[in-house]
Amino acid sequence: MQAVGGTTRVIGVFGDPVQHSLSPAMHNAALAHLGLDYVYVPFHVPQGRLAAACEGLRALQVRGTNVTIPHKVEIQAHLDARSQEAELIGAVNTVVNEDGRLVGYNTDGAGFVRSLREEAAFAPDGRRVLLLGAGGAAKAIAVGLALAGAGEIVIANRTLAKAEAIANVVQSAASTRARALGVAQWPAPDDAALRAAAAEAELIVNATSLGMHAGAGEPPIIPAAWLQPDHCVCDIVYTPPETPLLAAAKAAGARALPGIGMLIHQGAIAFEHFTGQPAPVAVMRAALLAALGRH
Ligand code: ATR
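Here's a quick rundown of the structure. (Residues numbered from 1 in each chain as written. Predicted model: local features only at pLDDT ≥ 70, side-chain atom pairs only at ≥ 80, totals over all residues. Heavy atoms only, no water.)

Observations concerning the environment of N106
Following the sequence through the fold, N106 ends up in the loop between β6 (101-105) and α4 (108-119). If we skip the residues at most four places from it in the chain, N106 touches S83, E85, A86, I89, A91, V92, N93 and A140. Among the polar contacts made by the side chain of N106, one reaches the main-chain carbonyl oxygen of A91 at a distance of 3.0 Å. In terms of polar contacts, N106 uses its side chain to reach the backbone amide nitrogen of D108, at 2.9 Å. (Helix = DSSP H or I, 4+ residues; strand = E, 2+ residues; numbered from the N terminus. Contact = heavy atoms within 4.5 Å. Polar contact = N/O pair within 3.5 Å; in protein donor to acceptor, adjacent residues only side chain to side chain.)

With respect to the pattern of salt bridges
In this structure the tally under the stated criterion is 10 salt bridges. The residue D80 makes a salt bridge to R58 at a minimum N-O spacing of 3.1 Å. Here D80, found in the loop between β3 (64-67) and β4 (81-82), pairs with R58, found in helix α2 (residues 50-59); they are 22 residues apart in sequence, far enough to count as distant. D80 sits in the partly exposed class, given a relative accessible area of 43%. Residue R58 is classed as partly exposed on the basis of its relative accessible area, which comes to 22%. Between E98 and R63 there is a salt bridge; the shortest N-O distance is 3.4 Å. One end of the pair, E98, is in strand β5 (residues 94-98); the other, R63, is in the loop between α2 and β3, and 35 residues separate them in sequence. (Salt bridge = Lys/Arg side-chain N within 4 Å of Asp/Glu carboxyl O. Buried < 20%, exposed > 50% of the residue type's maximum accessible area, 1.4 Å probe, protein only.)

Let's talk about the state of the cysteines
Tallying each qualifying case throughout the model produces 0 disulfides. In this structure C234 is not part of a disulfide, and its nearest cysteine sulfur, from C232, lies 4.4 Å away. Classification of C234 as buried rests on a relative accessible area of 1%. (Disulfide = S-S within 2.5 Å.)

Quick notes on the nonpolar core
If you look at the biggest cluster of nonpolar residues, it comprises 30 residues, and the most contacted ones within it are F112, L116, L131, I141, L145, I153 and L203. Ranked by the residues each element gives to this core, the list is headed by helix α5 (residues 136-147), at 5 residues. Not counting residues up to four positions away in its chain, the partners in contact with L131 are A138, I141, A142, I153, V154, I155, A156, V205 and A207. Ranked by size, the runner-up nonpolar core spans 22 residues in total, among them A198, I204, L245 and A248. (Core = buried A, V, L, I, M, F, W, Y, C linked by side-chain atoms within 4.5 Å.)

Observations concerning helix α7 (residues 192-200)
Along α7, the residues classified as buried are L194, A197 and A198. Viewed end-on, α7 has its buried residues packed into an arc of 100°, placing them on one side of the element. Of the surrounding elements, those touching the buried residues of α7 are β7 (128-132), β8 (152-157), β9 (177-182) and β10 (203-206). By the N-cap criterion, in which a side-chain oxygen at the helix start approaches the backbone nitrogen of a residue two or three places on, α7 is capped by D191, the distance to A193 being 3.2 Å. (Arc of directions from axis to C-beta.)

Focus: the packing of helix α9 (residues 260-275) against helix α10 (residues 281-291)
Where α9 contacts α10, the axes come no closer than 10 Å and their chain directions differ by 125°. As the angle between them shows, α9 and α10 are arranged oblique. Between α9 and α10 the crossing geometry is right-handed. Here I260, L263, I264, H265, G267, A268 and F271 of α9 lie close against α10, whose contacting residues are V281, M284, R285, L288 and L289. (Axes fitted to C-alpha atoms, helices over the stretch in contact; angles between N-to-C directions. Parallel < 35°, antiparallel > 145°, perpendicular 65-115°, else oblique. Left-handed = near helix turned anticlockwise from the far one by under 90°.)

Concerning the sheet that holds β3
Paired through backbone hydrogen bonds, the strands of a sheet run either parallel or antiparallel to each other. Strand order in this open sheet of 6 strands is β2-β1-β3-β5-β6-β4, and the pairing throughout is mixed. Here the strands that pair on one side only, and so sit at the sheet edges, are β2 (38-44) and β4. Pairing geometry for strand β1 (residues 9-15) and β2, over 7 bridges, is parallel. Looking across to β2, one finds that G15 is bridged to H44. Against the sheet, helix α1 (residues 23-34) touches β1, β2 and β3, its axis set at about 170° to β2. The strands that α2 touches are β1, β3, β5 and β6; relative to β1, the one it contacts most, it runs at about 170°. (Pairing = 2+ DSSP bridges.)

A word on the packing of aromatic side chains
Inspection of the entire model under this criterion finds 1 aromatic pair. Seen from their ring centres, F14 and F43 are 6.0 Å apart, and the 75° between their planes marks the pair as edge-to-face. Residue F14 is located in strand β1, and its partner F43 is located in strand β2; the two are separated by 29 residues in the primary sequence. Relative accessible area serves as the criterion here: at 26%, F43 is assigned to the partly exposed category. Above the ring of F122, the side-chain terminus of R127 is found at 4.3 Å from the ring centroid. (Phe/Tyr/Trp six-rings, centres within 6.5 Å; stacked < 30°, edge-to-face > 60°. Lys NZ or Arg CZ within 6 Å of the ring centre and 35° of its normal.)

Right, dumping it as structure tokens:
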């Protein structure tokens with residue numbers, strides 16, 4: 001590992017809480033692997049201190065920072081510029097300090113698309129997608145898929161208005177067709193519209209928190225019987241590594257993409273923004289698995 005010295009530059013992550021962030025492990029492993037003279041540290045930024053923290057990035061010439069809960073939306077007010085993706089998503093997870101000019105990016109959507117291409121060998125171009133959920137993660141994924149040229153995205157959510165808002169953003173961003181479906185309760189075995197959307201989809205993504213910490217035998221978010229061998233099924237939940245939805249997908253003979261891929265690739269793209277170097281993805285994956293206690 002590169003020793004910290006007089007020339008070492010700092011990269012961080014803003015969060016509250018931040019002590020459980022997996023980003024320091026992932027980024028420091030990548031920096032050490034490439035022998036780059038940076039160190040990546042957690043910054044505990046309480047709510048109400050974000051403006052001061054951003055000014056601190058400038059004053060201390062910190063190279064950049066990732067941004068996590070609860071600051072991804074609010075930080076936008078303290079930046080000098082945003083990427084098109086960040087603007088569409090309405091949230092920033094990566095800030096790069098270009099000589100005092102703070103530029104915001106959102107690498108979640110592109111990270112999801114990269115994991116889809118590289119780990120599931122699934123090209124989203126022209127494909128039909130069923131996206132379950134309409135929170136922050138779902139919005140990033142919808143924008144990422146739209147900018148990658150997806151053909152159609154059906155967004156299904158308990159709160160219909162949030163799904164409609166994402167559908168509108170998708171349609172403003174790309175030629176991707178988008179529509180919203182309200183779902184009274186997951187799983188929804190009697191929901192004919194949802195069932196039809198699942199049957200028509202080539203890609204099904206769970207972007208809700210359902211399935212998190214699920215025990216064996218818990219039902220998947222949509223009925224297992226709806227999954228087919230030609231589906232590609234992704235879950236953004238990465239604890240447990242195999243959610244009920246992914247287990248059902250495997251049992252149906254479908255491709256199953258675990259949520260950790262999005263986490264790795266959003267970090268990899270952020271790393272490339274910070275350092276200008278291609279990210280050593282395998283090193284970042286190993287560090288992440290080690291930090292999660294899964295060697
Ligand atoms: P994130 O930023 O991780 O996406 P979020 O913005 O809180 O988190 O979004 C959580 C998603 O999980 C939403 O789609 C939410 O549905 P609502 O928009 O209707 O709240 C969904 N979700 C979480 N818990 C749920 C539950 N018990 N039943 C149904 N949907 C749930």
